[in-house]
Amino acid sequence: MTDTVERASVWAGVAAPVLSFVGVLLATVVSPSFAWTGNALSELGGPTGPVATDLTRLLFNGGLISGGVVALGFGYALFLAARNLVELAGIGLFGLTSLSMALIGVFPLPQDAHFFVAVSFYVLLSLALWVYGAGNLLAGDRTRGGVTVFLGLLNVGAWAVWVATGEFSRPGLALPEVVGAAALAGWTVATALWVRRRLGLSG
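Rules behind the numbers
- Residues numbered from 1 in each chain as written.
- Predicted model: local features only at pLDDT ≥ 70, side-chain atom pairs only at ≥ 80, totals over all residues.
- Heavy atoms only, no water.
- 1 Å grid on protein atoms, 1.4 Å probe; cavity = no way out; pocket = protein on both sides within 12 Å on 5 of 7 lines; lining within 4 Å.
- Points joined across faces, edges and corners; volume = space filled by probe spheres on them.
- Helix = DSSP H or I, 4+ residues; strand = E, 2+ residues; numbered from the N terminus.
- Nonpolar A, V, L, I, M, F, W, Y, C, P; charged D, E, K, R; others polar.
- Polar contact = N/O pair within 3.5 Å; in protein donor to acceptor, adjacent residues only side chain to side chain.
- Contact = heavy atoms within 4.5 Å.
- Salt bridge = Lys/Arg side-chain N within 4 Å of Asp/Glu carboxyl O.
- Buried < 20%, exposed > 50% of the residue type's maximum accessible area, 1.4 Å probe, protein only.
- Axes fitted to C-alpha atoms, helices over the stretch in contact; angles between N-to-C directions.
- Parallel < 35°, antiparallel > 145°, perpendicular 65-115°, else oblique.
- Left-handed = near helix turned anticlockwise from the far one by under 90°.

Draft legend 1. Region of interest: the layout of surface pockets. Approximately 510 Å³ is the volume found for the largest pocket. Lining the largest pocket are 27 residues, and of these Phe115, Val119, Trp159, Phe168 and Leu173 sit closest to its centre. Going through the elements one at a time, α4 (112-138) and α5 (142-164) are the ones with two or more residues in the lining of the largest pocket. The dominant element in the lining of the largest pocket, judged by the number of residues it contributes, is α4, at 10 residues. Tallied by class, the residues present in the lining of the largest pocket amount to 15 nonpolar, 8 polar and 4 charged.

In C-alpha cells:
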C-alpha cells in the first residue's frame with residue numbers, strides 16, 4: 001500500500017506539467033487569434049476578449065487548476081526523497097508555487113485577485129527552485145543543484161529582459177510568462193523521474 005501511494009505521488013509529478021503546461025499550449029493553438037507577441041497567456045482564460053473561447057478557458061483555467069492540485073500530490077514523494085532541511089524548505093515553496101498556479105485558474109482575468117496570484121506564482125517559482133537547488137548542492141548533488149538554481153535564474157532573467165526593454169504591460173507578455181512555466185514543467189518531470197529512482201520504485 002505504501003509503495004502504491006509513493007508511486008502515485010511520483011507520477012503526479014509527471015502528470016501535473018502535462019495538465020498545466022500542455023493545457024496552456026493547447027489553448028494557444030485553438031485560440032482564434034492568440035499571438036505570442038501580442039497577448040498575455042492569461043487572456044486565454046478570461047471571460048471575454050478576442051483570444052478567449054469556451055475551449056481556451058477550459059484548457060487554460062482547467063489545466064492550471066488541475067495541474068496545481070496534482071502537483072501538490074507530488075510533494076509527498078519529494079518529502080520522502082529530501083536529504084536536508086533546505087530541500088524541505090524548497091519543497092514547501094514548491095507547494096506554494098503549485099497552489100498559486102491553481103489559483104490563477106480559479107481567479108481568471110479580469111478578477112482583482114488574478115494579478116496577485118500570477119505575480120506570486122512567478123516569484124515563488126524562482127524561490128522554490130533556488131532553495132531546493134541549494135539543498136541539492138548541500139547534499140553534494142552539484143549537477144542537479146546547479147541546473148535547478150539556473151532554471152530559477154532563467155525565470156528571473158526572462159522578466160528582467162522584459163522589464164528592461166519596454167513597458168511592463170505592453171503586448172506580448174506571454175513571452176516571459178512561458179519561459180518560467182516551461183522551466184517549472186521541465187524541472188518537475190525530471191525531478192519526478194529522479195525521485196522515482198531515488199526511492200527505488202518501479203512501475
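Next comes the rest of the description.
Draft legend 2. The arrangement of the side chain of Asn61 in detail. Within the fold, Asn61 resides in helix α2 (residues 54-81). Within the structure, Asn61 has its side chain in polar contact with the backbone oxygen of Gly45 (distance 2.9 Å). In contact with Asn61, other than residues within four places in its own chain, are Gly45, Thr56, Ile104, Gly105 and Pro108.

Draft legend 3. Region of the structure containing the pattern of salt bridges. Counted under the stated rule, the structure contains 3 salt bridges. Between Arg57 and Asp54 there is a salt bridge, with its nearest N and O atoms 2.7 Å apart. In this pair, Arg57 and Asp54 both sit in helix α2, 3 residues apart, roughly one turn of the helix. By relative accessible area, which is 62% here, Asp54 ends up exposed. We note a salt bridge from Arg83 to Asp141, for which the minimum N-O separation is 3.6 Å. Residue Arg83 is located in the loop between α2 and α3 (85-106), and its partner Asp141 is located in the loop between α4 and α5; the two are separated by 58 residues in the primary sequence. Relative accessible area serves as the criterion here: at 28%, Arg83 is assigned to the partly exposed category.

Draft legend 4. Region of interest: empty space enclosed by the protein. Under the defined criterion, the tally for this structure stands at 1 cavity of 30 Å³ or more. Quantified by volume, the largest cavity comes out at close to 290 Å³. Around the largest cavity sit 23 residues that line it, and Leu64, Met101, Phe121, Tyr122 and Ala181 are the ones nearest its centre. When residues of the lining of the largest cavity are traced back to their parent elements, those giving at least two are α1 (2-30), α2, α3, α4 and α6 (174-198). For the lining of the largest cavity, a count of residues per class yields 17 nonpolar, 5 polar and 1 charged.

Draft legend 5. Up close: the environment of Gly152. Position of Gly152 relative to the elements: it lies in helix α5. Taking C-alpha positions, Gly152 is 4.2 Å from Ser126, a pair spaced 26 residues apart along the chain. Sequence-distant contacts of Gly152, defined by excluding residues within four places in its chain, comprise Ser126, Leu129 and Trp130.

Draft legend 6. Representation of the packing of α4 against α6 within the structure. α6 packs onto α4 with a crossing angle of 40° between their chain directions and a minimal axis gap of 11 Å. As the angle between them shows, α4 and α6 are arranged oblique. As for the relative orientation of α4 and α6, their crossing is left-handed in sense. In this structure, α4 contributes Phe121, Tyr122, Leu125, Leu129 and Tyr132 to the contact, and α6 contributes Glu177, Gly180, Ala181, Leu184, Trp187, Thr191 and Trp194.

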